[in-house]
Amino acid sequence: MSDESTVMARSFPTALASAEREAGAKPAALVVIAGELTGTVFDLDQDEISVGRSDDADITLEYIGVSRRHLLLTAAGGDFVARDVGSKNGTFLNDRRVADAIILRKGDVIRLGPVALKYIPRGDPERLAYDRLNDRTHIDHFTGCYNKSHFNERIDIEVGKCKATAAPLSLLVFDIDHFKAINDTHGHDAGDHVLRKLATLIQTHGTGTHGLCARYGGEEFVVLLPDTDLAAAVEIADRVRRQVAAEAFDYRGGSMAVTVSVGVADCDGDTATGADLFRRADRALYEAKHAGRNQVRTCRR
């Protein structure tokens, strides 16, 4: 056996053990294997999880053929029990219509209308492959934030939940001030460094427990904050703004002064879609830019 083969043979058990440990920390999940959301992983991390077209479902699937309340998943020991809750078109498990509550087993495929979901038990190593697929689909690998397409999916879902439950929802839109000047003065590598470091700062100081940070495009980032009213969102935005202004953006022996402008909006009675909420926050960002930059502005009603 060659030296290289010997090293590989020795490292394989270590890599396998590491993967098993990583998988062991993962909850059970449903993975979309057919439909527009193919590759999306839904963690089953509650004792009871509702699935349906309703905006207040724990897993919302907005497709024709999916009922508003379609499926209920209930934890039972280390397993989950699936039960149709009076859906119009039925729930199918491995192509057979579910009439009664049934315990899910590894690899079971649940079909609701046009959507098919595969069941992965808690701690199963197969889950890791789907996580990697999910990352490729939804993560901006340059910054480690979510990408624009995932954000657009999530904002529509969260606005729908906000309208259904009256829970608060806010959006922050960040833009780096004079970013072109940073690239022109220090080079595009320095600009890339600023983008990555800013992404880290926003994810560390601006998302809280349930917030979602995405790179919306170029030097613009967004943070979606469920269960957060306008006043709290403004506090979060200004905390990040101050943190960025105080941070040393050092690169190759030099230091760059970096600031951000932030627009903030919340989901109000006139907000019907995610696009509505984004337009209002973006308009507030425009006002922050034209008022002198390095500040937070909210959308006036």
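Throughout what follows, the structure given in this document is the object of discussion. (Residues numbered from 1 in each chain as written. Predicted model: local features only at pLDDT ≥ 70, side-chain atom pairs only at ≥ 80, totals over all residues. Heavy atoms only, no water.)

## Here we look at the pattern of salt bridges
Stage number 1. Evaluation of the coordinates by the stated rule reveals 16 salt bridges.
Stage number 2. A salt bridge links aspartate 189 to arginine 252; the shortest N-O distance between them is 3.8 Å. With a gap of 63 residues between them, aspartate 189 in helix 5 (residues 188-205) and arginine 252 in the loop between strand 15 (249-251) and strand 16 (254-256) connect regions that are remote in the sequence.
Stage number 3. Exposure remark for arginine 252: the relative accessible area of 69% places this residue in the exposed category.
Stage number 4. The shortest N-O distance in the salt bridge between arginine 241 and aspartate 238 comes to 2.7 Å. Of this pair, arginine 241 and aspartate 238 both sit in helix 6 (residues 230-246), separated by three residues, roughly a single helical turn.
Stage number 5. Using a relative accessible area of 14% as the deciding quantity, one classes arginine 241 as buried.
Stage number 6. Look at the salt bridges and you will find they share partners, linking Asp175, Asp177 and Lys289 into a network. (Salt bridge = Lys/Arg side-chain N within 4 Å of Asp/Glu carboxyl O. Helix = DSSP H or I, 4+ residues; strand = E, 2+ residues; numbered from the N terminus. Buried < 20%, exposed > 50% of the residue type's maximum accessible area, 1.4 Å probe, protein only.)

## Structural notes on unusual backbone geometry
Most peptide bonds take the trans configuration, and most residues that are not glycine carry a negative phi.
Stage number 1. Although it is not a glycine, aspartate 95 sits at a positive phi angle of roughly 70°.
Stage number 2. Structurally, aspartate 95 is set in the loop between strand 7 (92-93) and strand 8 (96-97).
Stage number 3. By relative accessible area, aspartate 95 is classed as exposed at 66%.
Stage number 4. In the Ramachandran plot, histidine 178 falls in the positive-phi region, its phi being about 50° despite a non-glycine side chain.

## Quick look at the packing of aromatic side chains
Aromatic ring pairs are described here by two measures, namely the spacing of the ring centres and the angle between the planes.
Stage number 1. Applying the stated criterion across every chain, the model contains two aromatic pairs.
Stage number 2. For the pair phenylalanine 151 and tyrosine 216, a centre-to-centre distance of 5.8 Å together with 85° between the ring planes defines the contact as edge-to-face. Here phenylalanine 151 is found in helix 3 (residues 148-165), whereas its partner tyrosine 216 is found in strand 13 (residues 212-217), with 65 residues between them in sequence. Considered together, phenylalanine 151 and tyrosine 216 belong to a single accessibility category, that of buried residues.
Stage number 3. Consider the rings of tyrosine 216 and phenylalanine 278, whose centres lie 4.4 Å apart with planes at 20°: the pair is stacked. Here the residue tyrosine 216 occupies a position in strand 13, and phenylalanine 278 occupies one in helix 7 (residues 274-290), the gap between them amounting to 62 residues. The same class applies to tyrosine 216 and to phenylalanine 278, which are both buried.
Stage number 4. Three or more aromatic residues joined by ring pairs form one cluster here, namely Phe151, Tyr216 and Phe278.
Stage number 5. Above the ring of phenylalanine 92, the side-chain terminus of arginine 111 is found at 4.5 Å from the ring centroid. (Phe/Tyr/Trp six-rings, centres within 6.5 Å; stacked < 30°, edge-to-face > 60°. Lys NZ or Arg CZ within 6 Å of the ring centre and 35° of its normal.)

## Some details on the environment of asparagine 183
Stage number 1. Summarising the element assignment, asparagine 183 is placed in helix 4 (residues 179-186).
Stage number 2. Judged by relative accessible area, asparagine 183 falls into the buried class, the value being 13%.
Stage number 3. Once the C-alpha coordinates of asparagine 183 and valine 194 are considered, the two residues, 11 residues apart in sequence, prove to be 9.8 Å apart.
Stage number 4. Other than its neighbours up to four places away in sequence, asparagine 183 contacts His188 and Gly191. (Contact = heavy atoms within 4.5 Å.)

## What about helix 3?
Stage number 1. Compared with an ideal rise of 1.5 Å per residue, which puts 18 residues at 26 Å, helix 3 spans 25 Å between its outermost C-alpha atoms and is within 8% of the ideal.
Stage number 2. Within the span of helix 3, buried status applies to His150, Phe151, Ile155, Ile157, Glu158, Val159, Gly160 and Cys162.
Stage number 3. On its buried face, helix 3 sits against strand 4 (59-60), helix 2 (126-138), strand 12 (169-176), strand 13, strand 14 (220-226) and helix 7.
Stage number 4. A positive phi of about 65° marks alanine 166, the residue just after helix 3. (Expected span 1.5 Å × (residues − 1).)

## Here we look at the side chain of aspartate 108
Stage number 1. Relative to the assigned elements, aspartate 108 resides in the loop between strand 9 (102-103) and strand 10 (109-112).
Stage number 2. Among buried charged residues, aspartate 108 stands out as having no salt bridge; its nearest opposite-charge side chain is arginine 105, 6.3 Å away.
Stage number 3. At 3.0 Å, the side chain of aspartate 108 forms a polar contact with the side chain of asparagine 94.
Stage number 4. A distance of 2.7 Å separates the side chain of aspartate 108 from the backbone nitrogen of arginine 105, its partner in a polar contact. (Lys, Arg positive; Asp, Glu negative; His and termini not counted. Polar contact = N/O pair within 3.5 Å; in protein donor to acceptor, adjacent residues only side chain to side chain.)

## A closer look at the side chain of serine 50
Stage number 1. Residue position: serine 50 is located in strand 3 (residues 48-52).
Stage number 2. For serine 50, a relative accessible area of 14% translates into the label buried.
Stage number 3. Setting aside residues up to four positions removed in sequence, serine 50 forms contacts with Asp56, Ala57, Asp58, Ile59, Arg69, Leu71 and Leu72.

By themselves, these are just geometric observations and shouldn't be taken as functional.
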